[in-house]
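Coordinates in review
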Amino acid sequence: MDATTSPSPDARIARFSRAERWVHRSITVLMIVLIATAAALYFPDISVLVGNRPIVSNIHVIAGFVLPIPLILALASRAFRQDAELLNRFTAQDWTWLRSRDRRSGRIPVGKFNAGQKLNAAFSVGSVIIMLATGAIMFFNSWFPDDIRTGATFVHDWLTLAVVVVVVGHTYKALMDAEARTGMRTGHVSARWAAREHGQWAEEQRLGG
Amino acid sequence: MEPTLPSERNDSPVAPRASAPTSLADPPEAGAGPDSASPSGSPVGRRIVLGMIGLGAVGVLVGRQAQEAITSTVSATVPGLGSIVPAAGGFRIYTVTGGYPAMDPADYRLDVTGNVTTPLSLTMADLADLPQTSMTKDFQCVTGWRVDDVLWSGVLLSDVLAAAGASTTSSALRFFSFDGAYTESLTMEQALRDDVLVATSMFGEPVTREHGGPVRLYVAPMYGYKSLKWMSGIEVVDEVVPGYWEVRGYDIDAWVGASNGRDDEPIA
């Protein structure tokens, strides 16, 4: 990556691999399908408007069972595994960053991912697993006692609301930061952006290149 | 979220530090520098995921009780929220046809046929001219959810049957829906109870389209699938003909708490 050898602020730094971007796109499409069909299944007014409940329900179930597949396939990618491990690990600096009022100022140089991104990643993985498990209980409902079915519905319903809040927050953050979107779209970000948003990572890139 | 799990220091499957030399020798596809290939810090992400799975499992186990507590709290504090957010204690809207049939109340007819002296084709106005009855009772679905204290209004089924001169020696009734698919059944004895209603109103408003308007059945003591929506016909017959769900395995006598293998609190 010759870009990383250049100190120019306009230099491009590799941030996400092709596999990671592919996973992100797949999950984006599936999440849009899941949330849209969920709304049509869940809110009475939208249900009546959309109708076709069996079709909507089937699309929701298929998209739900497909959702983990890109994540599992991506485990074959070294870049994905390395980023997953970066997201997993919280340093002392992450806690300081989370507690600070000026966390967006760049005063605390963060690594490739900030603590908010790490929390989002952990919440997302946890949510995918729980939604898949409770969704499967509801889909294969005859295998489970009534109380378990009701309990799975309870968890699936309420976690949905939390997931929607987090997805909206994630989308809002992306809409506010064009260079972050460029990073996920093209795989590269400017050195200037990296230095501002992920100072420690930018420094590692400069030294490591 | 505070992790409540035991330390995972000794069971890290990824062993990031050990993998660092390999990573350095073999550059990644993109992005990761030398330091980021040997991440430091504690695996909080994994603890969050495991903690969520634990909470999710507890939620599945106690979800029924938790949902009941939420339902009663919400209906006491924010009445009406449940009709917008089903998880807050509202109805879940089902249909067996995929659509939600629409009917202009002006065009509506309820046909009462079979073993009757006077076959009827009742308009909304005809129904309004019959004796009106209201009751505030729960709606219990066989899949587990329950909506407390719904105000139902309309005409007792027994009053409709009396108006048609139904033969009370006939043993059963069939009900038909204008969705073209759904049917239901009751015995004559069940149909003559004073908590079985031809409902034209729910919550003090005309029965809405999704709830089976303009006219639906409400069989208080039985699971919700007996309370046929979008009702278009009542036929007085000599023997019970199993309804839509009953030919698919549900109990024909669907008493709440005493059928379908469930132990819900009966609806008094």
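Since the structure is predicted, the reported quantities are computational estimates derived from the model, not experimental observations.

As a further point, take the overall build of chain B. In terms of helices and strands, chain B carries 6 helices and 10 strands. In chain B, which comprises 268 residues, the share counted as buried stands at 50%. If you take every contact in chain B between residues at least 6 apart in sequence, the share linking residues at least 24 apart comes to 65%. Here chain B displays about 12100 Å² of accessible surface, and carbon together with sulfur accounts for 56% of that area.

For the rest of this paragraph, the subject is the pattern of salt bridges. When the charged atoms of two side chains lie near each other, side chains of opposite charge can form a pair. Under the counting rule described, the total for this entry stands at 16 salt bridges over all chains. The salt bridge involving R206(A) is made with E203(A); its shortest N-O contact spans 2.9 Å. Placement of the pair is R206(A) and E203(A) together in helix α11 (residues 199–208), with a separation of 3 residues, close to one helical turn. The partly exposed category is assigned to R206(A), whose relative accessible area is 47%. Overall, E203(A) belongs to the partly exposed group, its relative accessible area being 36%. A salt bridge links R146(B) to D148(B), with the nearest nitrogen and oxygen atoms 4.0 Å apart. Looking at D148(B), the relative accessible area reads 28%, which means it is partly exposed. One salt-bridge network, in which partners are shared between bridges, spans D147(A), R64(B), R262(B), D263(B) and D264(B).

Further remarks concern the packing of aromatic side chains. For the structure shown, the criterion picks out 18 aromatic pairs over all chains. Each ring, one from F90(A) and one from W95(A), has its centre 5.2 Å from the other, and the planes form 40°; the classification is tilted. On the basis of relative accessible area, F90(A) is assigned to the buried category, the value being 1%. Centroid distance Y108(B) to F178(B): 6.4 Å. Interplanar angle 65°. Geometry classified as edge-to-face. Taken together, the positions of Y108(B) in the loop between α3 (44–77) and β1 (110–114) and F178(B) in the loop between β5 (172–177) and β6 (183–187) put the pair 70 residues apart, joining distant regions of the chain. The two residues Y108(B) and F178(B) agree in class, both being buried. Taking NZ or CZ as reference, K118(A) lies 5.7 Å from the ring centre of F90(A), over its face. The ring of Y244(B) carries R248(B) above its face, with NZ or CZ at 3.7 Å from the centroid.

Time to look at the confidence of the model for chain B. All names here are of chain B. Per-residue pLDDT for chain B has a mean of 84; in total, 81% of the residues score no lower than 70. Averaged pLDDT values for the elements of chain B fall to 40 in helix α1 (residues 16–25) and rise to 98 in strand β9 (residues 216–219). Below a pLDDT of 50 lies the segment residues 1–37, which in the model reaches 57 contacts outside its immediate sequence neighbourhood of four places, other chains included. For this predicted complex, the interface confidence comes out at an ipTM of 0.87, alongside a pTM of 0.71.

Time to look at the packing of helix α6 (residues 92–99) of chain A against helix α7 (residues 115–139) of chain A. Residues and elements named next belong to chain A. Here α6 crosses α7 at 100°, and the two axes come no closer than 9 Å. In this view, α6 runs roughly perpendicular relative to α7, as classed from their interaxial angle. Residues D94, W97 and L98 of α6 form the contact with α7, whose participating residues are A115, G116, K118 and L119. Here the residues of the contact of α6 with α7 are counted per class, giving 4 nonpolar, 1 polar and 2 charged.

We now examine helix α5 (residues 157–164) of chain B. Residue and element names in this part refer to chain B. Within α5 the residues assigned to the buried category are L157, S158, V160, L161 and A164. Buried positions in α5, seen along its axis, are confined to an arc of 160° and lie on one side of it. Residue G165 follows α5 closely and has a positive phi angle near 65°.

Reading the values: the criteria
- Residues numbered from 1 in each chain as written.
- Chains lettered and ligands numbered in written order.
- Predicted model: local features only at pLDDT ≥ 70, side-chain atom pairs only at ≥ 80, totals over all residues.
- Heavy atoms only, no water.
- Helix = DSSP H or I, 4+ residues; strand = E, 2+ residues; numbered from the N terminus.
- Buried < 20%, exposed > 50% of the residue type's maximum accessible area, 1.4 Å probe, protein only.
- Contact = heavy atoms within 4.5 Å.
- Areas by Shrake-Rupley, 256 points an atom, 1.4 Å probe, with all protein chains shown as cover.
- Salt bridge = Lys/Arg side-chain N within 4 Å of Asp/Glu carboxyl O.
- Phe/Tyr/Trp six-rings, centres within 6.5 Å; stacked < 30°, edge-to-face > 60°.
- Lys NZ or Arg CZ within 6 Å of the ring centre and 35° of its normal.
- pLDDT = per-residue confidence, 0-100.
- Axes fitted to C-alpha atoms, helices over the stretch in contact; angles between N-to-C directions.
- Parallel < 35°, antiparallel > 145°, perpendicular 65-115°, else oblique.
- Nonpolar A, V, L, I, M, F, W, Y, C, P; charged D, E, K, R; others polar.
- Arc of directions from axis to C-beta.

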